[in-house]
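Residue strings, one per chain:
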Amino acid sequence: MTSSQPLTVPGYAHVYSGKVRDLYAPLDDSGTPRNDQLLLVASDRLSAYDFVLDTPIPDKGAVLTQLSLWWFERLEDLVPNHVVSTDVPDVVAGRAVLVKRLAMLPVECVARAYLTGGGLNEYLADGHVSGIALPEGLVDGSRLPEPVFTPSTKAPMGEHDQPMPYAAVEAEIGAPLASRVRDLTTAILARGNEIAAERGILIADTKVEFGLDGDDVVLADEVLTPDSSRFWPADLWEPGHPQPSYDKQFVREWLTSSASGWDKASGEAPPDLPEDVIAQTRAKYVEAYERLTGRTFS
Ligand SMILES: CCOC(=O)Cn1cc(-c2ncnc(N)c2C#N)cn1
């Protein structure tokens, strides 16, 4: 596991660290942290099998930050976002965003366009996901008739988010807001898949977060990245078994191969990744960015 101390960012105070991203608060002229903005910094850390790997993937933070910014622009007709500026300190250039501090809603807003992972397990148990009946005969990787809202709780670091029935979302944030974030989350995934499918990528599911700016619902966090979503190569899509990950497949295959000497069931931290797996993984992040945006990553 990575045990590094958070990066020092001049003019900012460290607020919180997630698995792969860190939050800072801008300091005012007296050196006091401001409460109206945050700096959202994406690291080069990679999470696999619930571990944060010790080996960073060069440029991952920058690629995913730039991809998220590209998606925010393309979703502005659906929902405003929290981006204030990309003018950030050199030490985090290209991989940090200054954002408006919001009253975050306590819901992980997940939408699924394809059935896999926890949603598949729920379906196999009783034919429903998040209380919604799905057609019979679906298998791992099946495309759903339309994106389904499957919210979960915001679990503490290191724990798994728990499925949250829609009624619990309504109880937590009220029926009008619940309906609004449900519709926005499914619309964001539908828009993402419209654009990604043309570029040979399927977005199986995604997790977004919303906050309130007064009465306005604002899209926060990151959006439609391989960290917040399952990206699948469209040309390899074949329902009936686990799909290859667009970005993490090299890491998963090496970690579960005899070459790594690691036993996933051991509970021990995975070993360092070899250079070729690091390079191949970096290349997949850059490829996804360039295919989706049509831009060259620099
Ligand atoms: C380690 C990164 O943090 C998170 O992943 C989740 N998180 C988001 C906030 C947040 N809080 C207020 N305003 C915002 N605009 C945001 C955002 N984004 C807090 N935690």
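Report on the accompanying structure. (Residues numbered from 1 in each chain as written. Predicted model: local features only at pLDDT ≥ 70, side-chain atom pairs only at ≥ 80, totals over all residues. Heavy atoms only, no water.)

1. Points about the overall build of the protein chain
When its secondary structure is counted, the protein chain shows six helices and 16 strands. The C-alpha radius of gyration of the protein chain comes to 19 Å, within 12% of the 19 Å expected for a compact globule of 298 residues. In terms of overall dimensions, the protein chain has a C-alpha envelope of 60 × 50 × 40 Å along the principal axes. Out of the 298 residues belonging to the protein chain, those deemed buried represent 48%. When contacts within the protein chain are restricted to residue pairs at least 6 apart in sequence, long-range pairs at least 24 apart make up 61% of them. Taking the 25 positively charged and 45 negatively charged side chains of the protein chain as two groups, their mean positions are separated by 2 Å. (Helix = DSSP H or I, 4+ residues; strand = E, 2+ residues; numbered from the N terminus. Rg over C-alpha atoms; globule rule 2.2 N^0.38 Å. Buried < 20%, exposed > 50% of the residue type's maximum accessible area, 1.4 Å probe, protein only. Contact = heavy atoms within 4.5 Å. Lys, Arg positive; Asp, Glu negative; His and termini not counted. Charge placed at Lys NZ, Arg CZ, Asp CG, Glu CD.)

2. Remarks on the pattern of salt bridges
Overall, the coordinates contain 23 salt bridges when judged by the stated rule. The partner of arginine 21 in a salt bridge is aspartate 221, with the nearest N and O atoms 2.5 Å apart. Highlighted residues: arginine 21 in strand E2 (residues 21-26) and aspartate 221 in the loop between strand E15 (216-219) and strand E16 (229-233), separated in sequence by 200 residues. Per residue, the accessibility class of arginine 21 equals that of aspartate 221, and both read buried. Salt bridges sharing partners connect three or more residues here, namely Arg21, Glu108, Lys154, Lys207, Glu209, Asp221 and Glu222. (Salt bridge = Lys/Arg side-chain N within 4 Å of Asp/Glu carboxyl O.)

3. Re the sheet that holds E16
Here four strands make up an open sheet; going across it, the order is E12-E9-E13-E16 and the pairing antiparallel. Every other strand in the sheet has two partners, leaving strand E12 (143-149) and E16 as the edge strands with one partner each. Sheet twist, expressed as the average angle between the axes of neighbouring strands with direction ignored, equals 10°. In terms of strand pairing, strand E9 (residues 109-114) meets E12 through three bridges, oriented antiparallel. Opposite tyrosine 114, over in E12, you have arginine 143 as the bridge partner. (Pairing = 2+ DSSP bridges. Axes fitted to C-alpha atoms, helices over the stretch in contact; angles between N-to-C directions.)

4. A few points about empty space enclosed by the protein
What the rule picks out here adds up to one cavity of 30 Å³ or more. Looking at the largest cavity, it is lined by 20 residues, and the ones nearest its centre are Arg21, Leu40, Ala42, Thr65 and Glu222. Among the secondary structure elements, those contributing two or more residues to the lining of the largest cavity are strand E3 (37-42), helix H1 (60-74) and strand E7 (96-100). Across the lining of the largest cavity, the residue classes tally to ten nonpolar, five polar and five charged. (1 Å grid on protein atoms, 1.4 Å probe; cavity = no way out; pocket = protein on both sides within 12 Å on 5 of 7 lines; lining within 4 Å. Points joined across faces, edges and corners; volume = space filled by probe spheres on them. Nonpolar A, V, L, I, M, F, W, Y, C, P; charged D, E, K, R; others polar.)

5. Focus: the sheet that holds E15
Two modes of strand pairing occur in sheets, parallel and antiparallel, and in both the strands are linked by backbone hydrogen bonds. In space, the three strands of this open sheet follow the order E8-E14-E15, with antiparallel pairing throughout. Each of the sheet's edge strands pairs with one partner strand only, and the pair in question is strand E8 (103-104) and E15. Bridging between strand E14 (residues 210-213) and E15 involves four bridges; their strand directions are antiparallel. Following the sheet pairing, glycine 211 is matched in E15 by valine 218.

6. Considering the site of the ligand
Around the ligand, the structure places 14 residues, and the nearest of them are Arg21, His82, Lys100, Leu102 and Asp221. At 2.7 Å, a side-chain N or O of arginine 21 approaches an oxygen atom of the ligand. In the environment of the ligand, a nitrogen atom lies 2.9 Å from a nitrogen or oxygen atom belonging to the backbone of leucine 102. Contact with the protein chains hides 86% of the accessible area of the ligand, taken as 470 Å² for the molecule alone. Only E2, E3 and E7 provide two or more residues apiece to the shell around the ligand. By residue class, the composition of the shell around the ligand is eight nonpolar, two polar and four charged. (Near = heavy atom within 4 Å. Polar contact = N/O pair within 3.5 Å; in protein donor to acceptor, adjacent residues only side chain to side chain. Areas by Shrake-Rupley, 256 points an atom, 1.4 Å probe, with all protein chains shown as cover.)

7. Overview of the packing of H1 against helix H4 (residues 175-198)
Interaxial distance between H1 and H4 falls to 11 Å at its minimum, and their mutual angle equals 110°. Taken together, the axes of H1 and H4 lie roughly perpendicular to each other. Crossing angle aside, the handedness with which H1 passes H4 is right-handed. Packed against H1, whose contacting residues are Trp70, Trp71 and Arg74, the element H4 presents Arg191, Gly192 and Ile195 at the interface. Per-class residue counts for the contact of H1 with H4 are three nonpolar, one polar and two charged. (Parallel < 35°, antiparallel > 145°, perpendicular 65-115°, else oblique. Left-handed = near helix turned anticlockwise from the far one by under 90°.)

8. So, the environment of leucine 144
Along the chain, leucine 144 turns up in strand E12. For the pair formed by leucine 144 and arginine 112, sequence separation is 32 residues and the distance between their alpha carbons is 7.8 Å. Setting aside its immediate chain neighbours within four residues, leucine 144 contacts Arg112, Ala113, Tyr114, Leu115, Leu134 and Leu138.

9. As for the side chain of aspartate 22
Position of aspartate 22 among the secondary structure elements: in strand E2. Take aspartate 22: its relative accessible area is 8%, and that puts it in the buried class. Among the polar contacts made by the side chain of aspartate 22, one reaches the side chain of serine 17 at a distance of 2.6 Å.

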